[in-house]
Amino acid sequence: MFLGKVIGSVWSTQKEEGMENLKLLVVQPIDWNEKEGGRTVIAADRIGAGFGEKVIVSSGTPARIIFHNKMVPIDAVIVGIVDSYEVTQET
Amino acid sequence: MFLGKVIGSVWSTQKEEGMENLKLLVVQPIDWNEKEGGRTVIAADRIGAGFGEKVIVSSGTPARIIFHNKMVPIDAVIVGIVDSYEVTQET
Amino acid sequence: MFLGKVIGSVWSTQKEEGMENLKLLVVQPIDWNEKEGGRTVIAADRIGAGFGEKVIVSSGTPARIIFHNKMVPIDAVIVGIVDSYEVTQET
Amino acid sequence: MFLGKVIGSVWSTQKEEGMENLKLLVVQPIDWNEKEGGRTVIAADRIGAGFGEKVIVSSGTPARIIFHNKMVPIDAVIVGIVDSYEVTQET
Amino acid sequence: MFLGKVIGSVWSTQKEEGMENLKLLVVQPIDWNEKEGGRTVIAADRIGAGFGEKVIVSSGTPARIIFHNKMVPIDAVIVGIVDSYEVTQET
């Protein structure tokens, strides 16, 4: 998973089957000093992440597993809102 | 998923089984200021995305799931055409 | 999928089970102006791609699906030989 | 898998189903001279890796397999704590 | 798959279930002129690759397939030792 910050939302009417009723948020990867880096990811959110919040994003089939056997073609999911962290990172 | 812009089409006659009758579009990843960045992706399109449109692309097995049990070796799919978005991105 | 150009072949005698009788080609990712970029990929080819030809490469489990239930540990496959394309790419 | 060093922990209360009771560590990829490089990864740990320890991280569905059929949306797992290594790397 | 060179071994005692009795080698990606590039990968080896040998590495679930239904959380496997290759690469 990677650490990101919610920076927006995106809406789509014309879409694939299985994409109905999904909240899609735009997540900017950040490091532990909140410095932004890397391309944004569009991730599904079911846990109510809000604008500016720090989140944990999971990718690929492991992320899609939250939809069980439903045919939802989602490759990134917000799996946690970050409460706190304790990280020692070189700069 | 990532945000992209449809910039073209590609055609192939000699191809693997399961690749028949697929519309393959060329998608350029862009950021939320429409700045292009990163390598283009060839993605299957079943929702009628047109040249110049902004789209959401899903990758890997989660994307392939739209073909259910058919043996379609596709690793990228356009899953939505973007209507609108609201994003605050640093530059 | 990504666009590539076949630039060579590679042979291996000592190999994992499931790797027998596979033609392995070396594919250089290129952009739509044929400019090379990024690391080469070793991909299985069953459709007769030749040296110098432009091809479409699929990756991961979606690519491996062409081997059905056989235990073939291949993570990249040439799924199409490019006939033509129509792409507008900034430089 | 890649080599990394545990540099911290992250906590989340509001999270997806299947994320309960998981210890999430922050892993910094390093090379064999312990030079840091690349974006940190948030990985699940079930083997008791400690702060500063060198670990082996596996990603994607192969990593998720340790949770068997449980619906755990984890895409990175610490699969080993490094005892020793013998590597000749150019600089 | 990618081309690499075996540059070392790594050992771990404290590890996840399914990691027992695996030989883990360190593989440095190289290009076809043997120039090193990119982060090293820790890959399982069952075919007896030796230090300094050129190998083909497969990744993800397609690589893991060699372990069949065993719960082995391995995301990279050496699937072939390179005998020879014929590649024309620009520099």
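This structure is a prediction, so every number in the text was calculated from the model and none was measured.

Draft legend 1. Fine view of the overall build of chain A. When helices and strands are tallied, chain A shows one helix and five strands. Computed over its C-alpha atoms, the radius of gyration of chain A comes to 14 Å, within 12% of the 12 Å expected for a compact globule of 91 residues. Across the 91 residues that make up chain A, the buried fraction comes to 57%. Contacts in chain A between residues far apart in sequence, at least 24 positions, make up 58% of those at least 6 positions apart. Total accessible area on chain A stands at roughly 3700 Å², and carbon and sulfur atoms take up 47% of it.

Draft legend 2. Structural context of the relation of the copies chain D and chain A. Least-squares fitting of chain D to chain A yields an RMSD of 0.0 Å, with the superposition described by an axial translation of 0.0 Å and a rotation of 72 degrees. Viewed as a symmetry operation, the transformation between the two copies matches a five-fold axis. Within chain D, Thr61 of chain D has its C-alpha nearest the rotation axis, a separation of 5.4 Å. In this assembly, only 3% of the residues forming the interface of chain D have copies in chain A that are likewise at the interface, indicating a heterologous arrangement.

Draft legend 3. Looking closely at the environment of Arg39 of chain B. Tracing the chain through its elements places Arg39 of chain B in the loop between strand E2 (23–29) and strand E3 (41–45). For the pair formed by Arg39 of chain B and Ser84 of chain B, sequence separation is 45 residues and the distance between their alpha carbons is 24 Å. The residues touching Arg39 of chain B, leaving out its near neighbours within four places in the chain, are Pro29 of chain B together with Phe2, Pro29 and Gly37 of chain C.

Draft legend 4. Structural view of the environment of Ser12 of chain D. Following the sequence through the fold, Ser12 of chain D ends up in strand E1 (residues 2–15). Using a relative accessible area of 12% as the deciding quantity, one classes Ser12 of chain D as buried. For Ser12 of chain D and Val27 of chain D, which are 15 residues apart along the polypeptide, the C-alpha to C-alpha distance reads 17 Å. Beyond its immediate stretch of four places on either side in the chain, Ser12 of chain D contacts Ile56, Gly80, Ile81 and Asp83 of chain A.

Draft legend 5. Structural context of the packing of aromatic side chains. If you walk through the whole model with that rule in mind, you get five aromatic pairs over all chains. On the basis of an interplanar angle of 70 degrees and a centroid distance of 4.8 Å, the ring pair of Trp32 of chain A and Tyr85 of chain A is categorised as edge-to-face. A residue pair is termed long-range when its members are at least 10 positions apart, and Trp32 of chain A in the loop between strand E2 (23–29) and strand E3 (41–45) and Tyr85 of chain A in strand E5 (residues 76–87) qualify at 53 residues. In this arrangement the basic side chain of Arg39 of chain B is found over the ring face of Phe2 of chain C, its NZ or CZ atom lying 4.8 Å from the centre.

Draft legend 6. Structural view of the interface of chain D and chain A. Of the residues lining the interface, 34 residues belong to chain D; the matching set on chain A comes to 33 residues. Carbon and sulfur atoms make up 56% of the area that chain D and chain A hide from each other, which totals about 2700 Å². In terms of surface lost to chain A, no three residues of chain D exceed Trp11, Glu16 and Ile42 of chain D, which account for 23% of the buried area on that side. Between chain D and chain A we count two salt bridges in total. We note a salt bridge from Arg46 of chain A to Glu17 of chain D, for which the minimum N-O separation is 3.2 Å. For the interface between chain D and chain A, the tally reads 16 residue pairs in polar contact (both at pLDDT 80 or more). Put simply, the parts of the chain that give the side of chain D that touches chain A at least two residues each are E1, strand E2 (24–29), strand E3 (41–44) and helix H1 (60–64) of chain D. A per-element tally of the side of chain D that touches chain A places E1 of chain D first, with ten residues.

Draft legend 7. Expanded view of the pattern of salt bridges. Considering all chains together, one arrives at 25 salt bridges over all chains under this definition. In this structure, the salt-bridge partner of Asp45 of chain C is Lys23 of chain C, at a minimum N-O distance of 2.7 Å. Of this pair, Asp45 of chain C sits in the loop between strand E3 (41–44) and strand E4 (54–59) while Lys23 of chain C sits in the loop between strand E1 (2–15) and strand E2 (24–29), and the two are 22 residues apart along the sequence. For Asp45 of chain C, a relative accessible area of 5% gives the class buried. Overall, Lys23 of chain C belongs to the partly exposed group, its relative accessible area being 37%. Because the salt bridges share partners, they merge into one network encompassing Glu16 and Glu17 of chain A together with Arg46 of chain B.

Draft legend 8. Expanded view of the side chain of Glu16 of chain B. Looking at where Glu16 of chain B falls in the secondary structure, it is placed in the loop between strand E1 (2–15) and E2. For Glu16 of chain B, the residues in contact, after removing those within four places along its chain, are Pro73 of chain B together with Arg46, Ile47, Ile66, Val77, Ile78 and Val79 of chain C.

Draft legend 9. Just the relation of the copies chain A and chain B, in detail. Note on the identical chains: chain A maps onto chain B by a rotation of 72 degrees and an axial translation of 0.0 Å, with an RMSD of 0.0 Å. Mapped onto chain B, only 3% of the interface residues of chain A are again interface residues, and the two copies thus contact each other with different surfaces.

Draft legend 10. Representation of the interface of chain A and chain B within the structure. Taken together, the contact pairs 33 residues of chain A with 33 residues of chain B. Where chain A abuts chain B, roughly 2700 Å² becomes buried across the two surfaces, and 55% of that area is made up of carbon and sulfur atoms. When residues of chain A are sorted by the area they lose upon contact with chain B, Trp11, Glu16 and Ile42 of chain A head the list and together hold 22% of the total. Among the ionic pairs, Arg46 of chain B bridges to Glu16 of chain A, the shortest N-O distance being 2.7 Å. Viewed at the interface, chain B and chain A are joined by 16 residue pairs in polar contact (both at pLDDT 80 or more). Contributions of two or more residues to the side of chain A that touches chain B are made by strand E1 (2–15), E2, E3 and helix H1 (60–64) of chain A. The class makeup of the residues in the side of chain A that touches chain B is 15 nonpolar, nine polar and nine charged. Inspection of the sheet shows E1 of chain A paired to strand E5 (residues 76–87) of chain B by six bridges, in the antiparallel sense. Within E5 of chain B, the position partnered with Ser9 of chain A by the bridge is Glu86 of chain B.

Draft legend 11. Seen up close, the side chain of Asp45 of chain C. Within the structure, Asp45 of chain C has its side chain in polar contact with the backbone nitrogen of Ile47 of chain C (distance 3.2 Å). A polar atom in the side chain of Asp45 of chain C sits 3.3 Å from the backbone nitrogen of Gly48 of chain C.

What counts as what
- Residues numbered from 1 in each chain as written.
- Chains lettered and ligands numbered in written order.
- Predicted model: local features only at pLDDT ≥ 70, side-chain atom pairs only at ≥ 80, totals over all residues.
- Heavy atoms only, no water.
- Helix = DSSP H or I, 4+ residues; strand = E, 2+ residues; numbered from the N terminus.
- Rg over C-alpha atoms; globule rule 2.2 N^0.38 Å.
- Buried < 20%, exposed > 50% of the residue type's maximum accessible area, 1.4 Å probe, protein only.
- Contact = heavy atoms within 4.5 Å.
- Areas by Shrake-Rupley, 256 points an atom, 1.4 Å probe, with all protein chains shown as cover.
- Least-squares fit on C-alpha atoms with pLDDT ≥ 70 in both.
- Phe/Tyr/Trp six-rings, centres within 6.5 Å; stacked < 30°, edge-to-face > 60°.
- Lys NZ or Arg CZ within 6 Å of the ring centre and 35° of its normal.
- Buried area = accessible area lost by both parts, 1.4 Å probe.
- Salt bridge = Lys/Arg side-chain N within 4 Å of Asp/Glu carboxyl O.
- Polar contact = N/O pair within 3.5 Å; in protein donor to acceptor, adjacent residues only side chain to side chain.
- Nonpolar A, V, L, I, M, F, W, Y, C, P; charged D, E, K, R; others polar.
- Pairing = 2+ DSSP bridges.

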